[in-house]
Amino acid sequence: AQSVSQHNHHVILSEAASLELGCNYSYGGTVNLFWYVQYPGQHLQLLLKYFSGDPLVKGIKGFEAEFIKSKFSFNLRKPSVQWSDTAEYFCAVNSDRGSTLGRLYFGRGTQLTVWP
Amino acid sequence: DGGITQSPKYLFRKEGQNVTLSCEQNLNHDAMYWYRQDPGQGLRLIYYSQIVNDFQKGDIAEGYSVSREKKESFPLTVTSAQKNPTAFYLCASSMPALADTQYFGPGTRLTVL
């Protein structure tokens, strides 16, 4: 089975600081990669995804992520965070094999707290 | 207004009782999923269904059951065999293609007393 590692469990930043959240996955085959965000009291929603092409992917609200195949990584970045970015962030990898086609494997999540 | 609905938002049950959580979608998606979310553990897959009348166990299926009689509906039953049922349950749906996004419902918080 695939696994997804998010190394930062809780990140605390001040507004305007830069953000980078790490995500590594274990699977060596074709992957599709996702970052989801869960704002307090809201649905889990897609932030951005990578499935092919340019490894630098831009998402909503100024977020971007870079797929580095050789490092099995898909780190999330934002140059300047805002208080409204306070949320829990989840990295996920898609399976491309057999009966598990289409299922997602999630990391444990990173809670981001931004102080105004 | 398309989306996924889960009801109720909060659910309380006594220990030893089975309880069924509802999940309905009007997105015309073929695939549906049930996840359990616990603090610090991310989302863990309970069951998923790629098509009507078919479903597969996920990583933590013990103590749970599902049915998929209609494309729009994927109810989850938490049975008395589930040792630690108190959790936040999330339903999702997608088209089954590899790169398709999963869309999530608002979740049901189940508390077993």
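Computed from a prediction, not measured in an experiment: that's the story for all the values here. (Residues numbered from 1 in each chain as written. Chains lettered and ligands numbered in written order. Predicted model: local features only at pLDDT ≥ 70, side-chain atom pairs only at ≥ 80, totals over all residues. Heavy atoms only, no water.)

Draft legend 1. The interface of chain B and chain A, seen in detail. Residue-level contacts link 22 residues of chain B with 23 residues of chain A. The contact between chain B and chain A buries some 1900 Å² in all, and 52% of this surface belongs to carbon and sulfur atoms. The interface formed by chain B and chain A includes one salt bridge. A salt bridge links Arg103(A) to Asp59(B); the shortest N-O distance between them is 2.8 Å. The tally of links between chain B and chain A comes to six residue pairs in polar contact (both at pLDDT 80 or more). Of all elements in the fold, only strand 4 (31–38), strand 5 (42–51) and strand 9 (87–94) of chain B reach the threshold of two or more residues within the side of chain B that touches chain A. Of the residues forming the side of chain B that touches chain A, the biggest block, five residues, is contributed by strand 5 of chain B. Grouping the amino acids of the side of chain B that touches chain A by side-chain chemistry returns 12 nonpolar, eight polar and two charged. (Contact = heavy atoms within 4.5 Å. Buried area = accessible area lost by both parts, 1.4 Å probe. Salt bridge = Lys/Arg side-chain N within 4 Å of Asp/Glu carboxyl O. Polar contact = N/O pair within 3.5 Å; in protein donor to acceptor, adjacent residues only side chain to side chain. Helix = DSSP H or I, 4+ residues; strand = E, 2+ residues; numbered from the N terminus. Nonpolar A, V, L, I, M, F, W, Y, C, P; charged D, E, K, R; others polar.)

Draft legend 2. How the structure looks around the state of the cysteines. According to the stated counting rule, one finds two disulfides over all chains in the structure shown. Here Cys23(A) pairs with Cys91(A) through a disulfide, and the sulfurs are 1.9 Å apart. Taking the sign of the S-S torsion, -70 degrees for the link of Cys23(A) and Cys91(A), the bridge is left-handed. Taken together, the residues Cys23(A) in the loop between strand 3 (19–21) and strand 4 (24–25) and Cys91(A) in strand 10 (residues 87–94) connect sequence positions 68 residues apart. In terms of burial, Cys23(A) and Cys91(A) fall into one category: buried. A disulfide bridge connects Cys23(B) with Cys91(B), and the sulfur atoms are separated by 1.9 Å. Because the sign of the S-S torsion sets the handedness, a value of about -75 degrees for the bond joining Cys23(B) and Cys91(B) places this disulfide among the left-handed ones. Of this pair, Cys23(B) sits in strand 3 (residues 19–25) while Cys91(B) sits in strand 9, and the two are 68 residues apart along the sequence. Grouping residues by exposure puts Cys23(B) and Cys91(B) together as buried. (Disulfide = S-S within 2.5 Å. Buried < 20%, exposed > 50% of the residue type's maximum accessible area, 1.4 Å probe, protein only.)

In short, geometric facts, not functional conclusions.
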